[in-house]
Amino acid sequence: MGTEIERKFLVKSDAWRSLGVGKPYRQGYVFKSTGVTVRVRIAGTQGYLTLKGKAENYARPEFEYEIPVNDAQEMLELWCHPRIVEKIRYRIPCGDLVWEVDEFQGFNQGLILAEVELSAANQVIDLPDWVGQEVSEQDRYYNSSLALHPYSLWATDES
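Owing to the predicted nature of the structure, the values given are computational and were not obtained by experimental measurement.

## What to know about unusual backbone geometry
Here comes step 1: Between His81 and the following residue, Pro82, the backbone shows a cis peptide bond with an omega angle of 5 degrees.
Here comes step 2: The residue Pro82 is located in the loop between α1 (69-80) and β6 (85-94) in this model.
Here comes step 3: Backbone geometry places Asn57, a non-glycine residue, at a positive phi of 55 degrees.
Here comes step 4: The topology assignment puts Asn57 in the loop between β4 (46-52) and β5 (59-67).

Below, the structure written as structure tokens:
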């Protein structure tokens, strides 16, 4: 079984922009129930099907499989449209870690998040100066939540 141990942060400055090259991502969520999420993703020219379990202490089971990009596109259109999350992902090496900065597009434009995958939940990390508040345990920052409740509607949701 694969396990994803990940922490997520808001980005507080543009200092990261010159540190990595972006790749477009489109993804949608076919099913989310009882803590299990099924995601379809197109990253650049590759398609993926991913199943993720419920997170506990920053860790959750994850199974990811490469699929034909045409199949991924069809799944997105059949089962996920119009709730598609679009973003540009930048991979930024920093010390022994690689940070992934997601600059969201479409209905989530204006949101920029930085994620880092760890080898242990209690791993100590040095935050780059452009990394801000941690949001790892706030469900609304999960991509599956952003598909249903886009960032652009948060202000109206809270009214």
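Now that the structure is up, let's keep going.
## Some remarks on the pairing of strand β7 (residues 97-104)
Here comes step 1: Burial of β7 is extensive: seven of the eight residues sit out of reach of the surface.
Here comes step 2: Pairing of β6 with β7, which is carried by eight bridges, proceeds in the antiparallel orientation. If you follow Ile92 over to β7, its bridge partner there is Trp99.
Here comes step 3: Hairpin geometry of β6 and β7 is characterised by an intervening segment of two residues between the two adjacent antiparallel strands and by a positive phi of about 65 degrees at Gly95.

## A word on the pairing of strand β8 (residues 112-117)
Here comes step 1: Burial of β8 is extensive: five of the six residues sit out of reach of the surface.
Here comes step 2: As defined by bridge partners, strand β1 (residues 2-11) adjoins β8 across five bridges and the pair is classed as antiparallel. Looking across to β8, one finds that Lys8 is bridged to Glu115.
Here comes step 3: In this sheet, β8 lies alongside β7 in antiparallel orientation, the contact comprising five bridges. Paired with Asp102 across the strands is Leu113, a residue of β8.

## Observations concerning the nonpolar core
Here comes step 1: The biggest cluster of nonpolar side chains holds 16 residues, and the ones touching the most others in it are Trp16, Trp99, Val101 and Trp130.
Here comes step 2: Where this core is concerned, the elements lending two or more residues are β1, β6, β7 and β8.
Here comes step 3: Among the nonpolar cores identified, the runner-up in size contains ten residues, and Tyr29, Leu113, Ala147 and Trp154 belong to it.

The rules behind each value
- Residues numbered from 1 in each chain as written.
- Predicted model: local features only at pLDDT ≥ 70, side-chain atom pairs only at ≥ 80, totals over all residues.
- Heavy atoms only, no water.
- Helix = DSSP H or I, 4+ residues; strand = E, 2+ residues; numbered from the N terminus.
- Buried < 20%, exposed > 50% of the residue type's maximum accessible area, 1.4 Å probe, protein only.
- Pairing = 2+ DSSP bridges.
- Core = buried A, V, L, I, M, F, W, Y, C linked by side-chain atoms within 4.5 Å.

Such coordinate-based values are descriptive only and should not be taken to indicate function.
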